[in-house]
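Chain by chain, the residues run as shown.
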2 protein chains.
Amino acid sequence: MIKKLGFIGAGNVAWHLSIVLNKSGLNIVQVISRTLDSAQKLGDKVSAEFSDSLDDMSKEVDLWIIAIPDDAIQTVCKRFPFIPKFAVHTSGSIALEVLEGKAKEIGVFYPLQTFSKQREVNMQEVPFCIEAENRGFFDNLEFLAKQISSKVYPISSKERRELHLAAVFACNFTNAMYTIAEDLLEQKNLDFEILHPLIEETAQKAIDNSPKEMQTGPAIREDDKTINNHLKGLDNQEYQKLYRLMSDIIKQRNKN
Amino acid sequence: MIKKLGFIGAGNVAWHLSIVLNKSGLNIVQVISRTLDSAQKLGDKVSAEFSDSLDDMSKEVDLWIIAIPDDAIQTVCKRFPFIPKFAVHTSGSIALEVLEGKAKEIGVFYPLQTFSKQREVNMQEVPFCIEAENRGFFDNLEFLAKQISSKVYPISSKERRELHLAAVFACNFTNAMYTIAEDLLEQKNLDFEILHPLIEETAQKAIDNSPKEMQTGPAIREDDKTINNHLKGLDNQEYQKLYRLMSDIIKQRNKN
């Protein structure tokens, strides 16, 4: 049984994950982060020891949760002062194998959500993608995830990579679209707020139905007159290029 | 006072608008649509006469609401058998002037939302963009809109065009992003459902904050390793092109 946790990293994911795990009765023993200040902030929050050095890694910890930027995972694991019992990372795009040899049992504990420190997250609704080589360790991780979320999925490294790629379109690029809309309105002194109900309904429609059946707008109607007017209305060349490409993709899909 | 309404068009907008207006006590006198079948369906729904011919336009109607595709508005208005008292169109991208001379008082009554017949819409939350040349008629339209929605804005034709363009990014292109995510997952036999909480939270974050402050993902982190892995993982060339362009736009904005 996993009872005592250690966190490596104190960023958005470590922040939300450790707080929720702590609330559900797990003991967070230690938080280690590159900067002492952020280690202390989170450590204080979850009543854990804190340090800015991997050399301080506590042997009391059962499971280390490595929640740091993708490109730092490999380097950080190499600097473990001993081989701990259990370790997982929380990345969407890094394969399980990166932890090979770095702990006795290794796994992945990937929450498929966008986190910001200043926002509360309803963890019960966050999908957790779980992976481990060892069946017993997998069961342990699944048990842990189910204590904080109702959505737990066994997902291989390959599948996780696909999910992460799809999530970039559904989240990061979608947010960039919102930002462009905000930018266009700000240029004309119009309030972005007027688009809020539309943004909400568009997301809700895609959740309640298949988004491909919910497409509306000039491109799907092949309304080239409106498309050309919109292109003329865009001063920014990148936005023009994007408008053209999106319209082509929407039209093309409609034909297939 | 406007009491008796006529609808030209029986599509998504006419459908939702006439039903809500009818429920709030307005009398829908007549529905005219190109196909008799759709005119009848909506006419029956709101206890109105119906016809497929503009020659049947009833002189009893105070206000005609023209809710038809953008490129049909001008042609249809030219075929009015008489000059009615009041007329508005419901389009986001067509200027008020298109109705000039087609009714004694002309205006725009644009609900800024995405409608599908099969989905209920909470009209109270739909922003209505109102425009009219005549102040008295504007007040009438505003009064009408406030009976069904709590969000009523005076918006000029020029502003409305900007709003509509921004809405294409925030709604149509966003939905296309969801569709690409769905497509990528379907190709790998993964369930799109797993992205639902992410889609919901991404929209909610953009509503509760400014989306430009909420950007996450590999592009804003300048994580070129993940970006290149994602590009390699995309078979579809259009998707590759889009991934590259979106990442460039996100990076560029981050630098400004």
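Analysis parameters
- Residues numbered from 1 in each chain as written.
- Chains lettered and ligands numbered in written order.
- Predicted model: local features only at pLDDT ≥ 70, side-chain atom pairs only at ≥ 80, totals over all residues.
- Heavy atoms only, no water.
- Helix = DSSP H or I, 4+ residues; strand = E, 2+ residues; numbered from the N terminus.
- Buried < 20%, exposed > 50% of the residue type's maximum accessible area, 1.4 Å probe, protein only.
- Areas by Shrake-Rupley, 256 points an atom, 1.4 Å probe, with all protein chains shown as cover.
- Lys, Arg positive; Asp, Glu negative; His and termini not counted.
- Charge placed at Lys NZ, Arg CZ, Asp CG, Glu CD.
- Phe/Tyr/Trp six-rings, centres within 6.5 Å; stacked < 30°, edge-to-face > 60°.
- Arc of directions from axis to C-beta.
- Contact = heavy atoms within 4.5 Å.
- Buried area = accessible area lost by both parts, 1.4 Å probe.
- Salt bridge = Lys/Arg side-chain N within 4 Å of Asp/Glu carboxyl O.
- Polar contact = N/O pair within 3.5 Å; in protein donor to acceptor, adjacent residues only side chain to side chain.
- Nonpolar A, V, L, I, M, F, W, Y, C, P; charged D, E, K, R; others polar.
- Pairing = 2+ DSSP bridges.
- Axes fitted to C-alpha atoms, helices over the stretch in contact; angles between N-to-C directions.

Peer 1: So what about the overall build of chain A? Which residues, and what values?
Peer 2: Each helix and strand in chain A was counted, giving eight helices and eight strands. Each principal axis of the C-alpha distribution contributes one length, and for chain A these read about 70 × 40 × 30 Å. Residues counted as buried form 59% of the 256 residues belonging to chain A. For chain A, the exposed area adds up to about 11000 Å²; of that, 45% sits on carbon and sulfur atoms. Counting 31 positive and 36 negative side-chain charges, chain A places the centres of these two groups 3 Å from one another.

Peer 1: Now, about the packing of aromatic side chains: what can you tell me, with residues and values included?
Peer 2: Under the defined criterion, the tally for this structure stands at twelve aromatic pairs over all chains. With a centroid separation of 5.0 Å and 70° between ring planes, the pair formed by Phe 173 of chain A and Tyr 243 of chain B is classed as edge-to-face. Residue Phe 173 of chain A is found in helix H5 (residues 157–187), and its partner Tyr 243 of chain B is found in helix H8 (residues 237–255); the two belong to separate chains. Take Phe 173 of chain A and Tyr 243 of chain B: they sit in the same class, and that class is buried. When the ring of Tyr 239 of chain A is compared with that of Phe 169 of chain B, the centres are 6.4 Å apart and the planes differ by 55°; the resulting orientation is tilted. Of this pair, Tyr 239 of chain A sits in helix H8 (residues 237–255) while Phe 169 of chain B sits in helix H5 (residues 157–187), each in a different chain.

Peer 1: Before we move on, can you summarise helix H2 (residues 36–45) of chain A with the specific residues and values?
Peer 2: The α-helix advances 3.6 residues per turn, and as a result positions three or four apart in sequence lie on the same side. Residue and element names in this part refer to chain A. Three or more residues of H2 are buried, namely Ser 38, Ala 39, Leu 42 and Gly 43. Relative to the axis of H2, the buried residues are bounded by an arc of 130° and lie together on one face. Away from the buried face of H2 by more than 90 degrees, exposed residues Lys 41 and Asp 44 are located. For H2, the elements touching its buried residues are helix H1 (12–23), strand E2 (27–32) and strand E3 (49–51). Backbone geometry just after H2 places Ser 47 at a positive phi near 55°.

Peer 1: Talk me through the interface of chain B and chain A; I want residue IDs and the actual numbers.
Peer 2: The interface is formed by 85 residues belonging to chain B together with 85 residues belonging to chain A. Taking both sides of the interface into account, the surface hidden between chain B and chain A amounts to around 8400 Å²; carbon and sulfur atoms contribute 67%. Considering only the surface of chain B that becomes buried against chain A, Arg 119, Phe 169 and Ile 194 of chain B emerge as the three largest contributors, covering 9% of it. A salt bridge links Glu 182 of chain B to Lys 212 of chain A; its shortest N-O distance comes to 3.5 Å. Inspection of the chain B/chain A interface yields 30 residue pairs in polar contact (both at pLDDT 80 or more). When contributions to the side of chain B that touches chain A are tallied by element, the ones reaching two or more residues are H5, helix H6 (196–208), helix H7 (224–233) and H8 of chain B. The element that contributes the greatest number of residues to the side of chain B that touches chain A is H5 of chain B, accounting for 25 residues. Looking at the side of chain B that touches chain A, its residues break down into 43 nonpolar, 22 polar and 20 charged.

Peer 1: With reference to specific residues and values, describe the sheet that holds strand E8 (residues 152–154) of chain B.
Peer 2: Residue and element names in this part refer to chain B. If you trace the eight strands from one edge of the open sheet to the other, you get E3-E2-E1-E4-E5-E6-E7-E8, paired in mixed fashion. In this open sheet, the two edge strands, each paired with only one partner strand, are strand E3 (49–51) and E8. The mean inter-strand angle of the sheet, taken between neighbouring strand axes irrespective of direction, is 25°. Of the pairings in the sheet, the one linking strand E4 (residues 63–66) to strand E5 (residues 86–89) comprises four bridges and is parallel in character. Paired with Ile 65 across the bridge in E5 is Val 88. Packed onto the sheet, helix H4 (residues 135–148) meets E4, E5, strand E6 (105–111), strand E7 (128–132) and E8 and runs at close to 165° relative to E7.

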